[in-house]
Amino acid sequence: MARKSLILCALALLIVSSSASEHDRHERHDRGDEEGDHHKQATSPFVLKEPVQVVSTEAGDIQVLPGPKELGALAENHIGLSIITIEPKGLLLPQYLDASCVLYVHKGKLSFSLLSFGFRFDLETGDIYALPGGFVFYVLNTDEGQRLRLYGMCDTSESLDAGHFQSFFVGGGVDPRTILSGFHKEAVAAALKVAPEDVSEILGSQTEGPIVYTSRAGYDFLKGDSAASNARRDAPKPFNLLKKAPDFKNENGWTIAVHGAEFSPLKEADVGVFAVSLKPGAMLAPHWNPRAAEVAFITKGNGRIQVSYPNGTNALDKELDESKVVFVPRYFPMCQIASRNGDFEFVGFSTSSRRNRPQFLAGSNSVFKAFSKDIMSKTFNVDAKRLEAVLDNQRDAVILPGFIEEDGKRSSAM
């Protein structure tokens, strides 16, 4: 009898303990959601920090993400971003990178010289070019009336410092320091078959930084040299994103994407490039990308970007304007909504050169169209006819009109 009483007492304690544990688990979960919401608002992994300036001269500057010694989503995904600005007649000195990089010309014109291959050619706004790591290049702004602006995404998987790429200047002196300065002066002198004093003179003269202004004669020579070499038949041709017909276009905006099957250098780099333009109040329908993460540079206007976590909670809901950079991991659902004030545009890179095939959650091409009525009804626990009236009401696709207000008019949320 005593044994039976002990067993019953133990069972009672176990039930109470289990109930308390379950209550604590729910409490921790709720508290975790609250803390997660607070953390989401404070430091979002989706809206990237301000780019870090690593070069600044009178002739231009270079900004990067992530910054030196910084970690985070970009570093973990072996992504390095660069924003290069060069003034008219400015020259980015010869260098090579420890990472392959895909460049996009956001504004301006340039002469791009890939010296290791003997290629020199012109690029303009909208052009895409894939730069291999380890090969020497330089950039000259050839538009005398406009500042040049380039965006780049680099694969840092083989860089020494995980998540960060580095420039190796083959020319230079005091600023930038040339890689020749990393050797003993006597070793360089012996290699060049000159006196050590000659080496000191050569490596001590450049003090203007990595981006310098060219003289009139130097500018004309470099620009003319580029034009002459464009005639080479074996020189790789760039791909102009903005000259391609939109993949999708309606009265609400357009989208363009370039993948490896269209531009083979992207296949080698395993990177895609895209651009989106939304009319005032329009929405790029909620969707996810099954094949790639995306990095987007906001280039015009302002709008709201929303992202969902896998558990159905909101990961990001933020109004962003020009100059902000957004990272959305592969598989994460997102939507972009233009403000009422003007067009909202962004351009960026995806981490795969394959056609992305975004999966939409709304519109006439929604993934719900593939569901049978029975499955849909069971999934939402809602009557099939009622569900159909809601999920099949949107006749537009991809880029949709704004929200419906109480008076029946459409507008954006901002």
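Parameters and conventions
- Residues numbered from 1 in each chain as written.
- Predicted model: local features only at pLDDT ≥ 70, side-chain atom pairs only at ≥ 80, totals over all residues.
- Heavy atoms only, no water.
- Helix = DSSP H or I, 4+ residues; strand = E, 2+ residues; numbered from the N terminus.
- Buried < 20%, exposed > 50% of the residue type's maximum accessible area, 1.4 Å probe, protein only.
- Contact = heavy atoms within 4.5 Å.
- Areas by Shrake-Rupley, 256 points an atom, 1.4 Å probe, with all protein chains shown as cover.
- 1 Å grid on protein atoms, 1.4 Å probe; cavity = no way out; pocket = protein on both sides within 12 Å on 5 of 7 lines; lining within 4 Å.
- Points joined across faces, edges and corners; volume = space filled by probe spheres on them.
- Nonpolar A, V, L, I, M, F, W, Y, C, P; charged D, E, K, R; others polar.
- Pairing = 2+ DSSP bridges.
- Axes fitted to C-alpha atoms, helices over the stretch in contact; angles between N-to-C directions.
- Core = buried A, V, L, I, M, F, W, Y, C linked by side-chain atoms within 4.5 Å.
- Phe/Tyr/Trp six-rings, centres within 6.5 Å; stacked < 30°, edge-to-face > 60°.
- Lys NZ or Arg CZ within 6 Å of the ring centre and 35° of its normal.
- Parallel < 35°, antiparallel > 145°, perpendicular 65-115°, else oblique.

As annotated in an unreviewed UniProt entry, the chain carries the name Cupin type-1 domain-containing protein and is attributed to Selaginella moellendorffii.

(A) Structural context of the overall build of the chain. Counting secondary structure elements, the chain contains eight helices and 27 strands. Split into buried and exposed, the 414 residues of the chain put 43% on the buried side. Restricting the contact set of the chain to residue pairs at least 6 apart, pairs at least 24 apart contribute 72%. When the accessible surface of the chain is summed, it comes to about 22,100 Å², and 54% of that surface belongs to carbon and sulfur atoms.

(B) Representation of empty space enclosed by the protein in the model. Counted according to the given criterion, the structure contains one cavity of 30 Å³ or more. Considering only enclosed or pocket space, the largest cavity measures out at about 60 Å³ in volume. Every residue lining the largest cavity is listed: Phe 274, Glu 294, Ala 296, Ile 305, Val 326, Val 328, Met 334, Gln 336 and Phe 346. For the lining of the largest cavity, the secondary-structure elements that each account for two or more residues are strand E18 (294–300), strand E21 (325–328) and strand E22 (334–338). A breakdown of the residues in the lining of the largest cavity according to their chemical character gives seven nonpolar, one polar and one charged.

(C) Region of the structure containing the sheet that holds strand E14 (residues 248–250). On the basis of which strands lie adjacent, the open sheet formed by six strands has the order E14-E15-E16-E23-E18-E21 and antiparallel pairing. On the outer flanks of this sheet lie E14 and E21, each paired with one strand and no other. For this sheet the average axis-to-axis angle between neighbouring strands, irrespective of direction, equals 15°. Across three bridges, E14 lies against strand E15 (residues 253–258) in antiparallel orientation. Looking across to E15, one finds that Asn 250 is bridged to Gly 253.

(D) Representation of the nonpolar core. In terms of nonpolar packing, the biggest core is built from 30 residues, with Leu 278, Leu 284, Ile 305, Val 307 and Phe 346 touching the most fellow members. Of the residues forming this core, the biggest block, four residues, is contributed by E22. The residues touching Leu 278, leaving out its near neighbours within four places in the chain, are Asn 252, Gly 253, Leu 284, Gln 336, Ile 337, Ala 338, Asp 343, Phe 344 and Ile 399. Counting 29 residues, the second largest nonpolar core, distinct from the first, contains Leu 65, Leu 74, Ala 130 and Ala 293.

(E) Seen up close, the packing of aromatic side chains. A complete count under the given rule lists 16 aromatic pairs for this structure. Geometrically, the ring pair formed by Phe 112 and Phe 121 is tilted, given 5.8 Å between the ring centres and 35° between the ring planes. Of the two residues examined, Phe 112 and Phe 121, each falls in the buried class. A ring pair is formed by Tyr 309 and Phe 332, whose centres lie 6.4 Å apart and whose planes are at 70°; its orientation type is edge-to-face. With Tyr 309 in the loop between strand E19 (302–308) and strand E20 (314–321) and Phe 332 in the loop between E21 and E22, the pair connects residues that are 23 residues apart, well separated along the chain. Through a chain of ring-to-ring contacts, three or more aromatic side chains come together here, namely Phe 112, Phe 121, Tyr 129 and Phe 137. Lying across the ring of Tyr 219, Lys 89 places its NZ or CZ 5.8 Å from the centre.

(F) Just the packing of helix H7 (residues 373–380) against helix H8 (residues 384–391), in detail. Between H7 and H8, the shortest axis-to-axis distance is 9 Å and the interhelical angle comes to 90°. Classified by the angle between their axes, H7 and H8 sit roughly perpendicular to one another. Packed against H7, whose contacting residues are Lys 373, Met 376, Ser 377 and Phe 380, the element H8 presents Ala 384, Leu 387, Glu 388 and Leu 391 at the interface. Looking at the contact of H7 with H8, its residues break down into five nonpolar, one polar and two charged.

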